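Descriptive analysis of the structure
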Amino acid sequence: MTSPLTPEEPTPWPLHQTGGDEEQAKQMVKEVIRWYNARLTEARDRGLDAETFDGLRAGRDQAVDDLDRLEDADEDETVQIAVAYAARLKELTGS
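Residues numbered from 1 in each chain as written. Predicted model: local features only at pLDDT ≥ 70, side-chain atom pairs only at ≥ 80, totals over all residues. Heavy atoms only, no water.

Concerning helix 2 (residues 50–69)
- Compared with the 28 Å implied by 1.5 Å per residue over 20 residues, the 28 Å span of helix 2 between its first and last C-alpha is a close match.
- All buried positions along helix 2 are accounted for by Leu 56, Gly 59, Ala 63, Asp 66 and Leu 67. For helix 2, the arc enclosing every buried residue in end-on projection is 110°, short of the 170-degree limit, so these residues lie on one face. Residues of helix 2 that are exposed and angled more than 90 degrees away from the buried face: Ala 50 and Glu 51.
- Between the side-chain oxygen of the N-cap and the backbone nitrogen of Glu 51 there are 3.3 Å, and the N-cap of helix 2 in question is Asp 49. (Helix = DSSP H or I, 4+ residues; strand = E, 2+ residues; numbered from the N terminus. Expected span 1.5 Å × (residues − 1). Buried < 20%, exposed > 50% of the residue type's maximum accessible area, 1.4 Å probe, protein only. Arc of directions from axis to C-beta. Polar contact = N/O pair within 3.5 Å; in protein donor to acceptor, adjacent residues only side chain to side chain.)

Some remarks on the environment of Glu 22
- Residue placement: Glu 22 occurs in helix 1 (residues 20–46).
- Counting along the chain gives 56 residues from Glu 22 to Thr 78, while the straight-line C-alpha distance between them is 6.1 Å.
- Not counting chain neighbours up to four residues away, the residues in contact with Glu 22 comprise Leu 70 and Thr 78. (Contact = heavy atoms within 4.5 Å.)

Regarding the side chain of Asp 66
- Within the secondary structure layout, Asp 66 lies in helix 2.
- When its relative accessible area of 7% is taken as the criterion, Asp 66 is described as buried.
- Discounting chain neighbours no more than four positions away, the residues touching Asp 66 are Ile 81 and Tyr 85.

Quick word on the side chain of Thr 78
- Residue placement: Thr 78 occurs in helix 3 (residues 75–93).
- Taking the relative accessible area as the measure of exposure, Thr 78 reaches 5% and is therefore buried.

Some thoughts on the environment of Phe 53
- Topologically, Phe 53 is positioned in helix 2.
- Classification of Phe 53 by relative accessible area gives partly exposed; the value is 23%.
- Distance from Phe 53 to Thr 41, taken between C-alpha atoms, is 9.5 Å for residues 12 residues apart in sequence.
- Non-local contacts of Phe 53, meaning those with residues more than four positions away in its chain, are made with Leu 40, Ala 43 and Arg 44.

Put into structure tokens, the structure is as follows:
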């Protein structure tokens, strides 16, 4: 049986890697942007109504703004964005 590490003992792996949260958040937001871009292309090709197209564009534009916001976000805001976009992606894809 092993005992928990004491403060004097180094951990065998980093508990938190710098930039990991930011990269994960960026990936989530980019996935949402890709989803919106695909739906916008479909909407344009199928000639869907302006209201649907505008709603898709507004969702995509918000995601682009949030991706830009990640550049200056602190750790808490970064995690909030990542969680929000993971939930949004799940909602959009139905998985």
